[in-house]
Amino acid sequence: HWLNGGGDDPFAPRFARPGFDLTVDAFPRTANTWTYYQIQLAFPKAKIGHHIHSWQHLLFSKLFGIPTILIVREPDAAVQSLVTKRGGSLALSYLEYVITNSFGRLFADRVFFFDDLTGQAGVTPLTLVVGEILGTRPSEVGPDDVRALMAKRTDHKNSATPTFRTENLGFLARILR
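Residues numbered from 1 in each chain as written. Predicted model: local features only at pLDDT ≥ 70, side-chain atom pairs only at ≥ 80, totals over all residues. Heavy atoms only, no water.

All right, on to the overall build of the protein then. Counting secondary structure elements, the protein contains 8 helices and 4 strands. In the protein, the succession of α and β elements from N to C terminus is β-α-β-α-β-α-α-β-α-α-α-α. Out of the 177 residues in the protein, the part that is buried amounts to 40%. Accessible area of the protein: about 10,300 Å², with a carbon and sulfur share of 57%. (Helix = DSSP H or I, 4+ residues; strand = E, 2+ residues; numbered from the N terminus. Buried < 20%, exposed > 50% of the residue type's maximum accessible area, 1.4 Å probe, protein only. Areas by Shrake-Rupley, 256 points an atom, 1.4 Å probe, with all protein chains shown as cover.)

Right, dumping it as structure tokens:
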């Protein structure tokens, strides 16, 4: 689904392909959605690869000649937020964090830090850098624009995500019981 550009889902993660203008990615729970919306609202015509949560996404983007931005959040905050939301192993999540950010930095043209982006002046440096990369000026984006888009995305995500049913796991459901 995300490899082919998300089909008809305008909010789906997008794996960057030749012809894309930018890739923005990071470890999960690192302001990926907020950052993507800021950029997409400021540059509505830009084709942006996002939300794959993998350093390989940045690698392929570099191979395709697409500029890349990595977002980095303090490890304890990112990992604890992820484990709280999804569950799983704290140790394996820390390992994934280290791998994603270590290799991601090798292929990122720019690195932005979560605290800098979410602070008072965070949007301005981001949109200025993206404007330089894209060679265009950003559209004006207000806080209400971002809130409205995030609310729409949340409604879409809640309605588009099917209810989890253990019987759909087949033999795994019997093991898990």
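The next thing to look at is the pairing of strand S1 (residues 22–26). Counting buried positions along S1 gives 5 out of 5 residues, so the element sits mostly inside the fold. Residues Leu22, Val24 and Ala26 of S1 are buried on one face, and the alternating residues Thr23 and Asp25, pointing to the opposite face, are buried as well. Inspection of the sheet shows S1 paired to strand S2 (residues 48–50) by 3 bridges, in the parallel sense. Considered in S2, the bridge of Leu22 is made with Ile48. (Pairing = 2+ DSSP bridges.)

On to the pairing of strand S3 (residues 68–72). Among the 5 residues in S3, 5 count as buried, and that is most of the element. Here S3 shows a buried face lined by Thr68, Leu70 and Val72 and a second buried face lined by Ile69 and Ile71. Where S3 meets strand S4 (residues 110–113), 4 bridges bridge the pair, whose relative direction is parallel. Bridge assignment links Val72 to a residue of S4, and that residue is Phe113.

A sheet is described by the order of its strands in space; here 4 strands give the open sequence S2-S1-S3-S4, paired in parallel fashion. Each edge of the sheet is formed by a strand with only one pairing partner; in this case those strands are S2 and S4. Taken pair by pair, the neighbouring strands of this sheet meet at an average axis angle of 20 degrees, ignoring direction. In the packing of helix H1 (residues 32–42) onto the sheet, the strands contacted are S1, S2 and S3, and the crossing angle to S1 comes to about 160 degrees. (Axes fitted to C-alpha atoms, helices over the stretch in contact; angles between N-to-C directions. Contact = heavy atoms within 4.5 Å.)

This part is about a negative patch on the surface. A surface patch of negative charge is lined by Glu74, Asp76, Asp115 and Asp116. The class for Asp116 is exposed, based on a relative accessible area of 52%. (Patch = residues over 30% accessible without salt bridge, like charges linked within 9 Å, V, L, I, M, F, W, Y side chains within 5 Å. Salt bridge = Lys/Arg side-chain N within 4 Å of Asp/Glu carboxyl O. Lys, Arg positive; Asp, Glu negative; His and termini not counted. Charge placed at Lys NZ, Arg CZ, Asp CG, Glu CD.)

Turning to the pattern of salt bridges, a few remarks are in order. One pass over the full model with this rule turns up 1 salt bridge. With its nearest N and O atoms 2.5 Å apart, the salt bridge here joins Lys62 to Asp109. In this pair, Lys62 is assigned in helix H2 (residues 55–63) and Asp109 in the loop between helix H4 (90–107) and S4, connecting sequence segments 47 residues apart. Of the residues examined, Lys62 reaches a relative accessible area of 36% and is grouped as partly exposed.

It is worth spelling out H2 at this point. Among all positions of H2, only Trp55, His57, Leu58 and Ser61 are buried. Each buried residue of H2 sits inside an arc of 155 degrees when the element is viewed along its axis, so together they form one side. Those residues of H2 that are buried lie in contact with S1, S2, S3 and H4. Trailing H2 by a residue or two, Gly65 shows a phi angle of about 80 degrees, which is positive. (Arc of directions from axis to C-beta.)

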